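# Chain and residue survey
Listed here are the chains, written in short residue letters.
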Amino acid sequence: EGVGPQEYLLIKMAVYEECLTGDLAPLKGKKVFLAAATLRPETMYGQTNCWILPDGDYGAYELANGEVLVMCERAALNLSYQEQFAEEGKPKCLLSFKGQALIGCVVESPRAVLKKIYCLPMMTILMNKGTGVVTSVPSDSPDDFMALSDLKAKAGLREKFGVKDEWVMPFEVVPCINIPEFGDACAPKVCAELKIQSQNDRTKLDEAKHRTYLKGFTDGIMLLGEHKGKPVKEAKPIIRQEMIDDKTGLVYSE
Ligand code: A2H
């Protein structure tokens, strides 16, 4: 984070047709994707779920090619200047809704080993950054690991947001990168070392992020996928480009 623009890859998570009901019913028949902004495309093998802010404002925006992307309005406006939409500065919004409408939705996400990815609530999503949609890789992201741990540990939290046990309880981290200092899943390791209590433990989570983020890049080795065995610093730009080429990822700057 700094003064310059941040360049993300938007991961196109395809919404299962049967989830386009209720508030989302007007989107039936469209190809709908949740657009998750990430800086770590090489971790996509380890996705376990997708994070949404229940109270956040989201929209479904139609691209020039007819596909529909779900994100916050600010991101859609930014993206409209980046050649994805029919009209620059005027992203076409088909539907607006609160994040809660997406909770329990199932998506299929590129590169993920798990085929069914559930949308779950995360309280710490910032709507002024990225798209407001975050893909969860609890093996390598301390924030993701703690948000998943909170949902598993707190029945009241699941109940509050209408989260069924079976959307959460079966899911464990999917190790996708080895870091010699931390083993096959750095986030749970560092969260335990720092005795992090919840997703709201901001100071410690920032420390955990600092301990793991750079190391994943400099020392990490891929454990899954076509680039298994390669160092992350070699595989990361290749995976990023492969996802752009096969259109499962979109470059997005803000
Ligand atoms: B990262 P930066 Cl495995 N609110 O992707 C909160 N967090 C958000 C967000 C938002 N609106 N938009 C994106 N993010 C997350 C993977 C990942 C990420 C791993 C490890 C570390 C990591 C899987 N989640 O980020 O503030 C997204 O999570 C640590 C920095 O722009 C995105 O990349 O630097 C990252 O934060 C972008 O954060």
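Our subject is the structure listed above.
This report concerns the structure included in the present document. Since we're looking at a predicted model, the values are computed, not measured.

### A look at the site of the ligand
Taken together, 19 residues are adjacent to the ligand, and Y8, T38, L126, K129 and D144 come closest. L39 places a main-chain nitrogen or oxygen 3.2 Å from an oxygen atom of the ligand. Relative to its free-state accessible area of 700 Å², the ligand is covered by the protein chains to the extent of 92%. Here the ligand occupies the largest pocket.

### Some words on the packing of aromatic side chains
Aromatic rings considered in pairs are described by the distance between their centres and by the relative angle of their planes. The tally for this structure, following the rule as stated, stands at three aromatic pairs. Centroid distance Y8 to Y252: 6.4 Å. Interplanar angle 25 degrees. Geometry classified as stacked. Of the two residues, Y8 sits in strand β1 (residues 7-15) while Y252 sits in strand β12 (residues 249-253), which places them 244 residues apart along the sequence. The exposure class assigned to Y252 is buried, which follows from its relative accessible area of 0%. Aromatic side chains Y118 and W167 sit 5.8 Å apart centroid to centroid with 15 degrees between the ring planes, which places their arrangement in the stacked category. Within this pair, whereas Y118 is found in strand β8 (residues 117-121), its partner W167 is found in the loop between α3 (155-160) and β10 (177-178), the two being separated by 49 residues in sequence. Overall, Y118 belongs to the buried group, its relative accessible area being 12%. Three or more aromatic residues link up through ring pairs in this structure, and these residues are Y118, W167 and F171. When the ring centre of F33 is taken as origin, the NZ or CZ atom of K12, which lies over that ring, is 4.7 Å away.

Basis of the calculations
- Residues numbered from 1 in each chain as written.
- Predicted model: local features only at pLDDT ≥ 70, side-chain atom pairs only at ≥ 80, totals over all residues.
- Heavy atoms only, no water.
- Near = heavy atom within 4 Å.
- Polar contact = N/O pair within 3.5 Å; in protein donor to acceptor, adjacent residues only side chain to side chain.
- Areas by Shrake-Rupley, 256 points an atom, 1.4 Å probe, with all protein chains shown as cover.
- 1 Å grid on protein atoms, 1.4 Å probe; cavity = no way out; pocket = protein on both sides within 12 Å on 5 of 7 lines; lining within 4 Å.
- Sits in = over half its atoms within 2 Å of the grid points.
- Phe/Tyr/Trp six-rings, centres within 6.5 Å; stacked < 30°, edge-to-face > 60°.
- Helix = DSSP H or I, 4+ residues; strand = E, 2+ residues; numbered from the N terminus.
- Buried < 20%, exposed > 50% of the residue type's maximum accessible area, 1.4 Å probe, protein only.
- Lys NZ or Arg CZ within 6 Å of the ring centre and 35° of its normal.

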